[in-house]
Amino acid sequence: MTVHPNTLSLIGNTPLVRLAGPSEASGAEIFGKCEFMNPGASVKDRAALFIVEDAEEKGLLRPGGTIVEGTAGNTGIGLALVGNAKGYRTIIVMPETQSREKMDTLRALGAELVLVPAAPYSNPGHFVHTSRRLAEETPNAIWANQFDNIANRKAHIVGTAEEIWAQMDGRIDGFTCAAGTGGTLAGVGLGLKQKSEAVTIALTDPYGAALYNYYAHGELKAEGSSVAEGIGQGRITANLEGAPVDTQFRMSDEEGMFWVEKLMGEGLCVGLSTGINVAGAVALGRQLGPGSRVVTILCDTGLRYLSTLYNRDWLVSKGLTPFPWLTD
Ligand code: PMP
């Protein structure tokens, strides 16, 4: 048993678990990286820590400084935790469409929360642009800029990918996940390719995102929509540049919910981006063939979505079929 020297060293080194249902359905061996076991209960703690320490190393963030970021929530939670541990103030700009739990969590952690209406990226009121302006206006502040700051994907090159390679004993045939910033997909992809060019890296895109068409047909074009939080990108972020994507899948919210339900039956409570990732892992396992070994990311805890994904009325309002155990 390891004793950690400080609280920030609790970020990363997450367990990897074999997923029975997805393995059985695909004939492959499907493994999930338990990112919900980070202190902030999501994969974004890793990026938050690397972004903050990168800014410190560059002399951009000094004692008493402020971290400003636009985020769908999980990066903000990670930044607030890291900021608390290091003595920085955190200001988080978030679209008001995100789950109530994320807003309450950010407030509980002491972050200053700025809610803005959901808007297209081209609109100056978009949460990312608002956060950049706020950072410029705030003295001694950095803009974390998770989409285009490649300290984000570095967390996954030197962290997540190394861990996966070691945990799989170098026997891994494929990796897939969805992209928000693309830090996880590109970082794990680049890290695993450094170990072996033979590992297939696949994007699993939700509807409403433009990356599936980009990797399949060379054109950034979105179709349909998704209620999944934290994933779905419309452009090639700096983190996505040069991502070694070999193949791509597109998964609906219904397909994601199918796997969220199956994982609940295995004793895991996860968010919808995890369900979509697992749907992609099953597809990749089928493509790579029986016995192939595929890893995906279990991005965050489902407890973050009690008022949305696990709320009957909310699901009905989105035209989705509630999980059978959710009663009125
Ligand atoms: N799932 C959830 C729930 C997230 O919050 C995020 C982060 N935006 C992702 C997946 C995608 O991670 P990344 O930003 O590394 O692409």
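To be clear, the structure that these remarks concern was listed above.
What counts and how
- Residues numbered from 1 in each chain as written.
- Predicted model: local features only at pLDDT ≥ 70, side-chain atom pairs only at ≥ 80, totals over all residues.
- Heavy atoms only, no water.
- Phe/Tyr/Trp six-rings, centres within 6.5 Å; stacked < 30°, edge-to-face > 60°.
- Buried < 20%, exposed > 50% of the residue type's maximum accessible area, 1.4 Å probe, protein only.
- Lys NZ or Arg CZ within 6 Å of the ring centre and 35° of its normal.
- Near = heavy atom within 4 Å.
- Polar contact = N/O pair within 3.5 Å; in protein donor to acceptor, adjacent residues only side chain to side chain.
- Nonpolar A, V, L, I, M, F, W, Y, C, P; charged D, E, K, R; others polar.
- Helix = DSSP H or I, 4+ residues; strand = E, 2+ residues; numbered from the N terminus.
- Contact = heavy atoms within 4.5 Å.
- Pairing = 2+ DSSP bridges.
- Axes fitted to C-alpha atoms, helices over the stretch in contact; angles between N-to-C directions.
- Parallel < 35°, antiparallel > 145°, perpendicular 65-115°, else oblique.
- Left-handed = near helix turned anticlockwise from the far one by under 90°.
- Core = buried A, V, L, I, M, F, W, Y, C linked by side-chain atoms within 4.5 Å.

Colleague: Looking at this structure, how should I read the packing of aromatic side chains?
Modeller: Geometrically, a pair of aromatic rings is defined through the distance of the ring centres and the angle of the planes. Tallying each qualifying case throughout the model produces four aromatic pairs. Plain terms: the ring middles of Phe 258 and Trp 259 are 5.0 Å apart, the flat faces sit at 85 degrees to each other, and that makes the pair edge-to-face. Given the relative accessible area of 8%, Trp 259 is considered buried. Each ring, one from Phe 323 and one from Trp 325, has its centre 4.8 Å from the other, and the planes form 5 degrees; the classification is stacked. By relative accessible area, which is 38% here, Trp 325 ends up partly exposed. By way of ring pairs, the aromatic residues Tyr 310, Phe 323 and Trp 325 are connected into one cluster. Directly above the ring of Trp 143 sits Arg 132, whose terminal nitrogen or CZ lies 5.8 Å from the centroid.

Colleague: Whenever I open this one, the site of the ligand confuses me. Can you help?
Modeller: Looking at the ligand, there are 15 residues lining it, with Lys 44, Gly 180, Thr 181, Thr 184 and Ser 273 nearest. In this structure, an oxygen atom belonging to the ligand sits 2.7 Å away from a main-chain N or O atom of Gly 180. One nitrogen or oxygen atom from the main chain of Gly 182 is found 2.9 Å from an oxygen atom belonging to the ligand. Here the shell around the ligand is composed, by residue class, of four nonpolar, eight polar and three charged.

Colleague: For this particular structure, what's the right way to read helix α5 (residues 127–137)?
Modeller: Within the sequence span of α5, burial applies to Phe 127, Val 128, His 129, Thr 130, Ser 131 and Ala 135. Summarising the contacts, the buried residues of α5 are in contact with β3 (66–70), β4 (89–95), β5 (112–116) and β6 (141–143).

Colleague: Explain the sheet that holds β3 to me, please; I cannot follow it from the model alone.
Modeller: Backbone hydrogen bonds hold the strands of a sheet together, and the pairing may be parallel or antiparallel. The strand order β5-β4-β3-β6 describes an open sheet built from four strands, whose pairing is parallel. Pairing within the sheet leaves two strands with one partner each, and these edge strands are β5 and β6. Averaged over all neighbouring strand pairs, the angle between strand axes comes to 20 degrees, with direction disregarded. Sheet analysis places β3 next to β4, joined by five bridges and oriented parallel. Counted as the bridge partner of Gly 70 is Val 93 from β4. Packed onto the sheet, α5 meets β3, β4, β5 and β6 and runs at close to 155 degrees relative to β4.

Colleague: Please explain the sheet that holds strand β2 (residues 29–34) as it appears in this structure.
Modeller: Read across the open sheet, the six strands follow the order β1-β2-β10-β7-β8-β9; overall the sheet is mixed. Single-partner strands in this sheet number two, and they are β1 (16–18) and β9 (247–251). If you compare each strand with its neighbour and ignore which way they point, the axes differ by 25 degrees on average. In the sheet, strand β7 (residues 174–177) pairs with strand β10 (residues 293–298) via three bridges, with the strands oriented parallel. Across the sheet, residue Gly 174 finds its bridge partner in β10, namely Val 294. Across the sheet, helix α6 (residues 151–167) is in contact with β1, β2, β7 and β10; its angle to β2 comes to roughly 135 degrees.

Colleague: I keep staring at the packing of helix α3 (residues 74–86) against helix α4 (residues 100–108) and nothing clicks. Help me out?
Modeller: To describe two helices that pack against each other, one gives the angle between their axes and the distance between the axes. The interhelical angle for the contact between α3 and α4, taken along N-to-C directions, is 15 degrees, at an axis separation of 10 Å. Our classification of the angle between α3 and α4 gives roughly parallel. Crossing of α3 against α4: the hand is left-handed. Across the interface between the two elements, Asn 74, Gly 76 and Ile 77 of α3 pack against Lys 102, Thr 105 and Leu 106 of α4. When grouped by side-chain class, the residues that make up the contact of α3 with α4 number two nonpolar, three polar and one charged.

Colleague: How should the nonpolar core be read in this particular structure?
Modeller: One recurring pattern in soluble globular proteins: nonpolar side chains tend to sit buried together. Core analysis: the largest hydrophobic core is formed by 34 residues, its most contacted members being Leu 298, Leu 309 and Phe 323. For this core, the secondary structure elements donating two or more residues are β2, β9, α9 (253–264), α10 (272–288) and β10. The dominant element in this core, judged by the number of residues it contributes, is α10, at eight residues. Sequence-distant contacts of Leu 309, defined by excluding residues within four places in its chain, comprise Met 257, Val 260, Val 270, Gly 271, Leu 272, Trp 314, Leu 315, Phe 323 and Leu 326.

Colleague: For this particular structure, what's the right way to read the side chain of Thr 160?
Modeller: Tracing the chain through its elements places Thr 160 in helix α6. Looking at Thr 160, its side chain comes within polar contact range of the side chain of Arg 46, at 3.4 Å. Not counting the four nearest positions on each side in its chain, Thr 160 is found in contact with Lys 33, Arg 46, Ala 155, Val 188 and Ile 297.

Colleague: How do you make sense of unusual backbone geometry when you look at a structure like this?
Modeller: One non-glycine residue, Asn 145, adopts positive backbone phi at about 55 degrees. Within the secondary structure layout, Asn 145 lies in the loop between β6 and α6. With relative accessibility at 17%, the residue Asn 145 sits in the buried group. Non-glycine residue Asp 169 carries a positive phi angle of around 60 degrees. Residue Asp 169 is classed as exposed on the basis of its relative accessible area of 62%.

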